[in-house]
Amino acid sequence: MRRGPRKTAALAAAALFAAWGGAASAQTAEEDSVARRSRPDFDPIGIELDEMLGVIGLVGKKEIEQKSSPLSSFVAFPSFGVTTDYVSNLFLAPNGAVSDKRITYTPALSIQSDWGRHSFALIGNANIGRHVETPKEDFEDWQVQANGTLEIHDDKKVSMVAGFARRHSGRNAEDDPGQQFSPIVSENLFFDGTGEYNADAVLLRFRAQVENQDYLNSPGLNNDARDVTIVNLVFRAGYEFVPGTTFFIEPRADFRMFAKKTDATGLKQDNQGMGALAGITWDLTGVIFAEFGVGFTRRSYDEPSFNSPTNLDFSGKLIWNVTDLLTLTGNLSRATAESTTAGESGVLSTSLSSRLDYEFLDNIIITAGGSVTQSDNQESSRRDREYSFDTGVTYLVNEYWLARLAVTQSMRRSNALDKDYDNLSAGFTLTARL
């Protein structure tokens, strides 16, 4: 009885959050990967929502027995994780590294529909970090959101995500104010909607993302100039000219509209980007999915002293189930993003990452990955390269418990003064779930 809800939840999550390029069957390679495949003996069971609410008397015993409550078609998946980790360079400083230990609590609750066709989910989670020696670095991040997918017909569907999140900026941010200030916190209201038609070898998809980011002031630091509304619009048209091989074109646009029209130096902040990608996807169901696109973006700034560059963009994705026990994934991207440093316009960011997942046993997964990102500021000669290497072991104890050990080495090399850093983090996570 429980396998239906889990399958529905997995399909809904894949449709909403996985990278969406190529035909719908492209998700099969991801679902069959070592990291994503279903493991019925170890997947969380969940509890039907009417039964959970019946414990506190909100749903009657008779309704639960007869399954007459509309809540009986929803399944709740609660979880609670605790991570203890060590960080060698908490402030990511070039000199005088400060190390610390912290405990992070990660409660979460997902309530998902068990419908045969459409899907709906409510999700809430939090990351609450407490440091042993530097309490001003403590954080309380949390997010709530609603997801929905409406399958209008076999070849048409609409998906939407809307929610609110409180986040803190990492110390590796380009404009981090330094360890004399607390981490910068933002409150973010977001919406993500996608409409898709996929039939007769033709794929048409339109996606709109809107996010309002409100940065809170902190002692000694006014962050009002950072407040921004971001709108991303993407349209993709694809044609499967050979089974499993699809050619696509993807025009795109994004708009950055700031609450304060000028930054701390008096320069105008609003900007817009227009561009397009053209590429190809290759999908061998359950084994490999590959995509590559190349194109351009022209970003225009309201500030007349800023350049309006046209840059070469590209993107790529690979999911390859080399064997039943080994999955290789890779991502490649190059795009222009705005700079958050006063007096700077944008940053050209190029990123490459890869990961190996190996199923040592049915319930033990070994992972290893690495990434490199180069960021080139458009208004200055600053160039940063960030490297990250990680490895970990996940132990699925049973359907109720999960344990993970992870080690990450990260570093930045920059031609700007006092921007280099090296950091080693190691942590152990234990998660209880239903």
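Residues numbered from 1 in each chain as written. Predicted model: local features only at pLDDT ≥ 70, side-chain atom pairs only at ≥ 80, totals over all residues. Heavy atoms only, no water.

Visitor: What's the story with the pattern of salt bridges in this structure? I'm lost.
Guide: Where charged atoms from two side chains of opposite charge approach closely, those side chains can pair. Evaluation of the coordinates by the stated rule reveals 25 salt bridges. In this structure, R117 engages D154 in a salt bridge whose closest nitrogen and oxygen atoms are separated by 3.5 Å. In this pair, R117 sits in the loop between β3 (100-113) and β4 (119-131) while D154 sits in the loop between β5 (139-153) and β6 (156-168), placing the two residues 37 residues apart along the sequence. Given the relative accessible area of 37%, R117 is considered partly exposed. By relative accessible area, D154 is classed as exposed at 68%. Here R205 ties to E196 by a salt bridge, and the two come within 2.8 Å at their closest N and O atoms. Residue R205 is classed as buried on the basis of its relative accessible area, which comes to 5%. (Salt bridge = Lys/Arg side-chain N within 4 Å of Asp/Glu carboxyl O. Helix = DSSP H or I, 4+ residues; strand = E, 2+ residues; numbered from the N terminus. Buried < 20%, exposed > 50% of the residue type's maximum accessible area, 1.4 Å probe, protein only.)

Visitor: Whenever I open this one, unusual backbone geometry confuses me. Can you help?
Guide: Residues other than glycine predominantly adopt negative phi, and peptide bonds predominantly adopt the trans conformation. Positive phi, close to 50°, is recorded for L92, a residue that is not glycine. The topology assignment puts L92 in the loop between β2 (74-87) and β3. The class of L92 is buried, set by a relative accessible area of 15%. Although it is not a glycine, A201 sits at a positive phi angle of roughly 70°. Positionally, A201 belongs in the loop between β7 (185-199) and β8 (202-215).

Visitor: Honestly, the environment of K101 in this entry has me stumped. Any pointers?
Guide: Its location among the elements puts K101 in strand β3. For K101, a relative accessible area of 43% gives the class partly exposed. Linking K101 and L90, residues 11 residues apart in sequence, is a C-alpha distance of 9.2 Å. When sequence neighbours within four positions are dropped, the list of residues in contact with K101 reads D85, Y86, R130, H131 and V132. (Contact = heavy atoms within 4.5 Å.)

Visitor: Explanation requested: the pairing of β3 in the structure shown.
Guide: A regular strand places its side chains so that they alternate between the two faces of the sheet. Taken together, the 14 bridges between β2 and β3 define a ladder with antiparallel strand orientation. In the sheet register, A76 faces β3, and the bridge partner there is I111. Alignment of β3 against β4, held across 9 bridges, turns out to be antiparallel. Looking at the pairing, T104 lines up with G129 of β4. Between β3 and β4, which pair antiparallel in sequence order, lie 5 residues. (Pairing = 2+ DSSP bridges.)

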